[in-house]
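Coordinates in review
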Amino acid sequence: MQPRSAAVHPGSPSIFPFCLSAIAFGLASHAALAAEQSTLETVKVSAEAPVLKPAASKLAQEEIARPQAKSLAEVLDALPGVNAGGSPRPGGQTINVWGFGDVEQVQVYLDGAGQGFDKYQQGTSFVDPELLGSVEVIKGGHSPFYGNGAFGGVVKAETKTVNELLLPGRSVGGFAKLGYQDNGHRFSQSLAAYAGGAGQSADILAYVTHSKGGDGTQPDGTPYRFSGGEQQGGMLKLGWRPADGHSMKLGFVRQDDELRTPWAARRGDIPVPSAYDIAKYGLEEAWLRKTVWREQTVESMTAEWSYVSSDLPWLDLRLSYAQSRRFQHDTRPDGVNSSAFDSQFGKESWVSQRDKQWELRNVANLGEGWASQQVTVGVAWSRKDRDAIAYMPSKARDPSYNYGLMNPRYSPPGSETMQSAYWVHEWRPLDGFSLTPSLRYDHIEVRGRQNLAPTYNNPAKGHDYSALAFAGWSPRLAASWRFLPRWTLDAGYAHTWRAPNADEVYDVQTLGSTTASSRQLRPEKLKALKLGLAYDGGGVLAAGDKLSASLAWFRQDVTDAIGQRIGPNRGDGPGAPLPAVIGFYRNLPGYVIRGFEFDSRYQWRGAFASLSLSSVVGERRHSLRDPWGKDEPMVDIPPRKAVLTAGYTFAPAGLTLGAQGKFVRAQDRVPQNVNPEAVGYAYPAQHGYALAGLFAVWQPATAGLKGMELRLAVDNLFNRSYQPYLTEGAEGMGRAIRSSVSWRF
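Position labels on residues start from 1 in each chain and follow its written sequence. Whole-chain, interface and lining totals are the exception, using all residues; otherwise, since this is a predicted model, local features are given only for residues with pLDDT of at least 70 and side-chain atom pairs are given and counted only at 80 or more. Only hydrogens and water are set aside; all other atoms, that is, all heavy atoms of the structure, feed into the side-chain values.

**Some remarks on the overall build of the protein chain**
Our working rule: Secondary structure elements follow DSSP: runs of H or I no shorter than four residues count as helices, runs of E no shorter than two count as strands, and numbering proceeds from the N terminus. Think of it in three bands: residues with accessible area under 20% of the maximum for their type are buried, residues over 50% are exposed, and the middle band is partly exposed, with areas taken using a 1.4 Å probe on protein chains only. Exposure was quantified through the Shrake-Rupley algorithm and a 1.4 Å probe, taking into account, for residues, occlusion by the shown protein chains and nothing else. In this tally, Asp and Glu contribute negative charge and Lys and Arg positive charge; neither His nor the terminal groups of the chain are included. By convention, charge coordinates are those of NZ in Lys, CZ in Arg, CG in Asp, or CD in Glu.
When its secondary structure is counted, the protein chain shows seven helices and 33 strands. Across its three principal directions, the C-alpha atoms of the protein chain cover 75 × 65 × 50 Å. Across the 745 residues that make up the protein chain, the buried fraction comes to 54%. Counting only carbon and sulfur atoms, one obtains 59% of the accessible surface of the protein chain, whose full area is about 31600 Å². Of the side chains in the protein chain, 78 bear a positive and 73 a negative charge, and the two mean positions are spaced by 2 Å.

Below is the structure:
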């Protein structure tokens, strides 16, 4: 169990990307031959205004590629109601939707496979934007297709497809890309080959990526220490359409990271080593002693069969399976005071989280006229497994702690198994009007596992890892009315719930007054309401223009919220003493989050623009510290935000130029303004800020350069210092100039 050397690690590429490389080069050779026999067509950057829907946002491939972002959270940060949290370090980002930021409250999926990672002070998902073709954010707990949480929403990321990558008129193609970012001197490379597409019976897509960079710099020129690293990944996608109506898909995605990082990847700049440590170890070694060497793997596999009958409108059947794994291995340098890190997964740790799910769904279109309806029914099974093992040298001689090799009591092993069924009935009695009631049933079993350390398996302390079961219904009602040709009203109500997870139930201790499993926990409950107005039309400011806009108001009322026993009133009543054996978690009164968001897209000839606004307010009933104390503002509520984008496409030259401004209000509604004791768990108040960025895309029309694309993006153009509120005080990165050149053939 020796840590990696403090020297620069060269990395050891995994077999998976190299296998994909072999496939890619094989396909690329066929693509090159085809390129010699046909004329390439210019790929156009679309600036058309999409149709917007209230309480939902969707990004196409161009919008994902435009900022040349390094993380999914950075891509989504421009959307109304969606904010990035955590630090700029690799693996340190979180996604906040409508004031919800926990893994179970914002569920992230990649091609249908769960991507959530739940570990203290770490990022919550690790999706490489380079692989993405589209991203959709469904906000609020209004979707009947997702259960056990998702109060904030669902992020559905889809990888690129053969149809998206192929040049027009082609069935075989290849793609190569080089990228560079000056802040951190980060280089990236991508290579892909693919065949199939529309009109073909089969598809194959192989895509590999690699990037490596050093530490970035803050706006004042200070190094953002340990913000670099090496990442490699790729995907292999297969599709087959053996007969009319039948479709089969199989996909593999993998990403590997190796980096030197602070254990808490979400935190900002780390404190300077003490003079004593510098004198004893030297400056470089003193810095390294504050870090871990991290090896991280994220992988997923998805499979799907679907059948759509051309003769039977009631038969549109889909069977899907998905599995995913997130694995993180941390090693601290030799000689550090390991006992000081017993609450941070010790000297060395191995954390693994796995998801598996099956789903069978059918969509039936029935009736005509006033009886027109669409009925969707489905059944699903899913399981989440989490396991963490840590080595604590301070316990190496103690058999009650398994000689130091144990499951951290604050990250207990366990599983959550969910069996579900749902019914969604969309009735369209009038043209432009629909009413959609739905009902979902979930049965959830939460099961713990005994700790490797015997001291945490003591029934006298209340350590009980046996299974708990929760079950319940989630009714929802949605309505949509196009009351004028260009105007649509939307409304939705949802009443759903979330079972306590394995961490919350089986977090136990050996000392103190809250040693037991928290088996008394009740599910959290959500009552959600949203109202929306959408416009989609043309001829607004000039002939031939198009405007799409949406406005949404929402209210999310959560009761029986699960939280820790902290503060003066830890018993079950005001001033009540703690029971002899009680768990660390309890149900709190809850909170209300409400707000609005506005989104708009405009396009006229070559000009395009977008404007979004969002405002969220959250109030906790009483407080986290005292369920009978004063009401206080919620911790994870983002400040108000506006994002303005404008640009112009010079079609004859194949050139697009644009700029973006992000305007963020100060966040001064923080819990410590009401309860000074809240400073222990609240984020510090932050000033407002404004950031500017530029982007450019050039697709040469010259015959010899067709298929080539050059991109340029400048982030934080004026190099402003800022601290986003949800980063818990982490400083934002300084100006970054990102460039790339790619070629499709």
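Now that the structure has been shown, the text picks up again.
**Quick word on empty space enclosed by the protein**
Inclusion rule: Here a cavity denotes grid points, spaced 1 Å and computed from the protein atoms alone, that fit a 1.4 Å probe unable to get out, and a pocket denotes an open set having protein on both sides within 12 Å along at least 5 of 7 lines; residues with an atom within 4 Å of a point are the lining. Grid points are joined across faces, edges and corners, and a volume is the space filled by probe spheres set on the points. Any residue outside Ala, Val, Leu, Ile, Met, Phe, Trp, Tyr, Cys, Pro, Asp, Glu, Lys and Arg is labelled polar, Gly included; the first ten of those are nonpolar and the last four are charged.
In total, this model carries six cavities of 30 Å³ or more according to the counting rule given. Put simply, the largest cavity is a space of about 80 Å³. Lining the largest cavity are 14 residues; nearest its centre among them are Leu 110, Phe 126, Leu 131, Val 253 and Gln 255. If you list the elements that add at least two residues to the lining of the largest cavity, you get strand E14 (246–261) and strand E15 (292–308). Considering only residue class, the lining of the largest cavity consists of seven nonpolar, four polar and three charged. Space inside the second largest cavity adds up to approximately 50 Å³. Taken together, Lys 70, Gln 181, Asn 183, Gly 184, Arg 186, Gly 213, Gly 214, Gly 216, Ser 227 and Met 733 make up the lining of the second largest cavity. Looking at the lining of the second largest cavity residue by residue, the class counts come to one nonpolar, seven polar and two charged.

**A word on the environment of Ile 278**
Defined as follows: Every residue pair with non-hydrogen atoms within 4.5 Å of one another is taken to be in contact.
Relative to the helices and strands, Ile 278 resides in helix H5 (residues 275–281). When neighbours within four sequence positions are excluded, Ile 278 is seen to be in contact with Pro 273, Leu 283 and Ala 286.

**Description of the confidence of the model for the protein chain**
The cut-off we apply is this: Confidence of the predictor at the level of single residues is captured by pLDDT, which takes values from 0 to 100.
Chain-level pLDDT for the protein chain is 90 on average; 93% of the residues reach the 70-or-more range. Every residue in residues 1–47 is under pLDDT 50, and counting partners more than four places away or in other chains gives 93 contacts.

**Concerning the packing of aromatic side chains**
Our working definition: The rule is short: rings of Phe, Tyr and Trp, with Trp giving its six-membered ring, pair when the centres are within 6.5 Å, and they are stacked under 30 degrees, edge-to-face over 60, tilted in between. Either the NZ atom of lysine or the CZ atom of arginine qualifies as a charge over a ring when it sits within 6 Å of the ring centre and within 35 degrees of the ring normal.
For the structure on display, the rule yields 24 aromatic pairs. A centroid spacing of 6.2 Å and a plane angle of 50° characterise the contact between Phe 100 and Tyr 591, whose relative ring orientation is tilted. Here the residue Phe 100 occupies a position in the loop between strand E3 (93–97) and strand E4 (106–110), and Tyr 591 occupies one in strand E26 (residues 585–604), the gap between them amounting to 491 residues. Between the aromatic rings of Tyr 648 and Phe 650, the centroid separation amounts to 4.8 Å while the plane-to-plane angle is 55°, which identifies the pairing as tilted. When its relative accessible area of 37% is taken as the criterion, Tyr 648 is described as partly exposed. The rings of Tyr 120, Trp 263, Phe 345 and Tyr 410 are connected pair by pair, giving a single aromatic cluster. Over the ring of Phe 695 we find Arg 66, and its NZ or CZ is 4.7 Å from the ring centre.

**Things to note about the sheet that holds strand E7 (residues 153–159)**
The criterion, for reference: Strands qualify as paired when DSSP identifies two bridges or more between them.
A sheet is described by the order of its strands in space; here five strands give the open sequence E1-E6-E7-E4-E5, paired in mixed fashion. Where the open sheet ends on each side, the last strands, each with one partner, are strand E1 (56–59) and strand E5 (113–114). Of the strand pairs in this sheet, E1 and strand E6 (residues 132–139) are connected by four bridges, and their pairing is antiparallel. Counterpart to Ala 56 in the pairing with E6 is Ile 138.

**Concerning the pattern of salt bridges**
Note that side chains of opposite charge can pair when their charged atoms are close. This is how it is decided: By salt bridge we mean one thing: a side-chain nitrogen of Lys or Arg within 4 Å of a carboxyl oxygen of Asp or Glu.
Counting across every chain of the model gives 43 salt bridges. Several salt bridges converge on common partners, so that one network encompasses Glu 62, Arg 66, Glu 709 and Arg 711.

**Observations concerning the side chain of Gln 115**
Relative to the assigned elements, Gln 115 resides in the loop between E5 and E6. Gln 115 has contacts with Val 108, Tyr 109, Leu 110, Thr 124, Ser 125, Val 127, Val 298, Ser 300, Ser 324 and Arg 326, leaving out every residue within four places of it along the chain.

**Considerations on the nonpolar core**
A general trend in soluble globular proteins is that nonpolar side chains are found buried together. Definition in use: Here, the term nonpolar core denotes a set of buried Ala, Val, Leu, Ile, Met, Phe, Trp, Tyr and Cys residues that are joined through side-chain atoms within 4.5 Å.
Formed by 47 residues in total, the largest nonpolar core has its most connected members in Leu 72, Leu 76, Ile 95 and Val 155. Setting aside residues up to four positions removed in sequence, Leu 72 forms contacts with Ile 95, Val 108, Val 127, Pro 129, Leu 132, Val 135 and Val 155. Residues Met 392, Ala 453, Ala 502 and Val 508 belong to the second largest nonpolar core, which totals 22 residues.

**Re the pairing of strand E22 (residues 468–484)**
Pairing between strand E21 (residues 433–448) and E22: 14 bridges, direction antiparallel. Its bridge partner being in E22, Ser 434 is matched across the sheet by Ser 480. Strand direction decides the pairing type here: E22 and strand E23 (residues 487–498), joined by seven bridges, are antiparallel. Among the inter-strand pairings, Arg 476 is bridged to a residue of E23, identified as Ala 494.

**Observations concerning unusual backbone geometry**
Here Asn 402, not a glycine, exhibits a phi torsion of approximately 55°, which is positive. With respect to the secondary-structure elements, Asn 402 resides in the loop between strand E18 (373–391) and strand E19 (405–406). Judged by its relative accessible area of 27%, Asn 402 is partly exposed. In the Ramachandran plot, Tyr 403 falls in the positive-phi region, its phi being about 55° despite a non-glycine side chain. The topology assignment puts Tyr 403 in the loop between E18 and E19.

**Quick word on the side chain of Lys 662**
Going by this rule: Each polar contact in these results corresponds to two N or O atoms within 3.5 Å; when the atoms are within protein, one needs to be able to donate a hydrogen and the other to accept it, and residues that are neighboring in sequence are counted only if both atoms are side-chain atoms.
Tracing the chain through its elements places Lys 662 in strand E30 (residues 655–664). Among the polar contacts listed, one links the side chain of Lys 662 to the side chain of Asp 77, at a separation of 2.5 Å. Ignoring anything within four residues of it in the chain, the contact list for Lys 662 reads Asp 77, Lys 641, Ala 642, Val 643, Tyr 689, Ala 690 and Leu 691.

**What to know about a nonpolar patch on the surface**
Note the threshold: Only residues whose relative accessible area exceeds 30% and that form no salt bridge are eligible for patches; like-charged ones are grouped when within 9 Å, while nonpolar side chains (Val, Leu, Ile, Met, Phe, Trp, Tyr) are grouped when within 5 Å.
Together, Leu 477, Tyr 493, Leu 529, Leu 531, Leu 551, Trp 553, Phe 596, Leu 611, Leu 613, Leu 644 and Phe 663 make up a nonpolar patch on the protein surface, roughly 920 Å² of accessible area in all. Among the elements of the structure, strand E24 (524–538), strand E25 (546–564) and strand E27 (607–620) are those that each provide at least two residues to the nonpolar patch. Among the structural elements, Leu 529 can be located in strand E24. Residue classification places Leu 529 among the partly exposed positions, given a relative accessible area of 33%.

**Brief notes about the pairing of strand E20 (residues 414–430)**
Here 14 bridges tie E18 to E20, and the two strands are oriented antiparallel to one another. Residue Gln 374 lies in a different strand from E20, and its bridge partner there is Glu 426. Pairing analysis gives 13 bridges linking E20 to E21, with the strands arranged antiparallel. Among the inter-strand pairings, Trp 423 is bridged to a residue of E21, identified as Leu 439.

**Digging into the environment of Ser 300**
Topologically, Ser 300 is positioned in strand E15. For Ser 300, a relative accessible area of 10% gives the class buried. Spatially, the C-alpha atoms of Ser 300 and Ala 561 are 31 Å apart, while their sequence positions differ by 261 residues. Non-local contacts of Ser 300, meaning those with residues more than four positions away in its chain, are made with Leu 110, Ala 113, Gln 115, Gly 251, Phe 252, Val 253, Gln 323 and Ser 324.

**Brief notes about the environment of Ser 615**
Looking at where Ser 615 falls in the secondary structure, it is placed in strand E27. Leave out the neighbours within four places in its chain, and Ser 615 touches Phe 554, Arg 594, Gly 595, Phe 596 and Arg 640. Of note is the side chain of Ser 615, whose polar atom sits 3.5 Å from the side chain of Arg 640.

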